[in-house]
Amino acid sequence: MRTVKEVSKLTGVSVRTLHHYDAIGLLKPTKVTEAGYRMYDDTALSRLQNILLFRELQFPLKEIKVILDSPDFDPSEAIAQQIELLELQYKHIGDLITFAREIQNKGVTTMDFDVFDKNEMEKYKAEVIAKWGNTKAYQEYKQKDIARNESSFSKMANELMTMFSELGGLKHFTPDSDEVQKKISALQKFITDNYYVCNNEILNGLGQMYVGDERFKKNIDRAGGDGTAEFVSQAISVYCSH
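Regarding the nonpolar core
By size, the foremost hydrophobic cluster in this structure holds 28 residues, and its most contacted members are Phe164, Ile184, Tyr210 and Ile236. Element by element, the count of residues in this core is highest for helix H11 (residues 228–241), at seven residues. With 22 residues, the next largest nonpolar core counts Val4, Phe59, Leu68 and Ala78 among its residues.

Written out as structure tokens, the structure reads:
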């Protein structure tokens, strides 16, 4: 048996957090002494280990409790699921590091936002909840949450294409006109607000990529009409030179 302080020292989980886990029924001590001290045995520590693994995978405490309290919960199957999720997370972080290094080294990145896509991870997490949660409500909640994330991502992509469409509608102006330059400023702000900090150096690199990468040139021209990618690139060059 270990005291709450000993468990805290062993696991790195604060005493306050252990008290909170007790209060919400997530991790009850094995027993409480007459003096009021919480004591934990190996079974409790094993449950805490599962809690910490699920927390590393960003499961909410409420969902962790549902999983661990399920009468069908199988620790050996759960650890296999946790390993699968950790591997997905490891791959996701690796992709993000590669993406960030590309920005750092080149000062420019592509507009392919697949690197931020966590749908595979979220869907697998939903399967874990569906299996162990054992309630229709939890399954529906997670699926709606995933749908909201997908919808939000799709909405941002559509808004970006709308901006290119609006820029395409300004091709009768010169790239350095006030109307066009205001749209470029709005484009820079949109990218910063929704994706990553887009300073002038990065924006200028994006402008070059809009005409240098056939995929993006095609998509932008599809949104704003033929010649839009070239027009936007020129307008960005003017904007960044000021």
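Examining the confidence of the model for the protein chain
For the protein chain, mean pLDDT is 81; residues scoring 70 or higher make up 79% of the total. Averaged pLDDT values over the elements of the protein chain bottom out at 60 in helix H6 (residues 119–133) and peak at 95 in strand E3 (residues 38–40).

Some points on the side chain of Asn50
Relative to the elements of secondary structure, Asn50 occurs in helix H3 (residues 42–56). For Asn50, a relative accessible area of 11% corresponds to the buried category. Residues contacting Asn50, with those up to four places away along its chain left out, are Leu68, Phe73 and Gln82.

Some remarks on the sheet that holds E3
The strand order across the open sheet built from three strands is E1-E3-E2, with neighbouring strands paired in antiparallel fashion. A single partner strand is all that each edge strand has here, and the edge strands are strand E1 (2–3) and strand E2 (31–32). The pairing of E2 with E3 spans two bridges and is classified as antiparallel. Residue Val32 lies in a different strand from E3, and its bridge partner there is Arg38.

Some thoughts on the pattern of salt bridges
As enumerated under the stated definition, the model contains seven salt bridges in all. Among the salt bridges present, the one from Arg2 reaches Asp42, with a minimum N-O distance of 3.8 Å. Of the two residues, Arg2 sits in strand E1 while Asp42 sits in helix H3, which places them 40 residues apart along the sequence. Residue classification places Asp42 among the exposed residues on the basis of a relative accessible area of 60%. The salt bridge involving Asp221 is made with Lys217; its shortest N-O contact spans 3.5 Å. Of the two residues, Asp221 and Lys217 are both situated in helix H10 (residues 214–224); the distance of four residues between them amounts to about one turn of the helix. Assessed through its relative accessible area of 11%, Asp221 is described here as buried. On the basis of relative accessibility, which here comes to 26%, the residue Lys217 falls in the partly exposed class.

Observations concerning H10
Those residues of H10 that sit buried are Phe216, Ile220, Asp221 and Gly224. Seen end-on, H10 carries its buried residues on one side only, within an arc spanning 130 degrees. Exposed residues pointing more than 90 degrees away from the buried face of H10 are listed as Glu214, Lys218 and Arg222. With its phi angle positive at about 100 degrees, Gly225 sits one or two positions after the end of H10.

Cut-offs used in this document
Residues numbered from 1 in each chain as written. Predicted model: local features only at pLDDT ≥ 70, side-chain atom pairs only at ≥ 80, totals over all residues. Heavy atoms only, no water. Core = buried A, V, L, I, M, F, W, Y, C linked by side-chain atoms within 4.5 Å. Buried < 20%, exposed > 50% of the residue type's maximum accessible area, 1.4 Å probe, protein only. Helix = DSSP H or I, 4+ residues; strand = E, 2+ residues; numbered from the N terminus. pLDDT = per-residue confidence, 0-100. Contact = heavy atoms within 4.5 Å. Pairing = 2+ DSSP bridges. Salt bridge = Lys/Arg side-chain N within 4 Å of Asp/Glu carboxyl O. Arc of directions from axis to C-beta.

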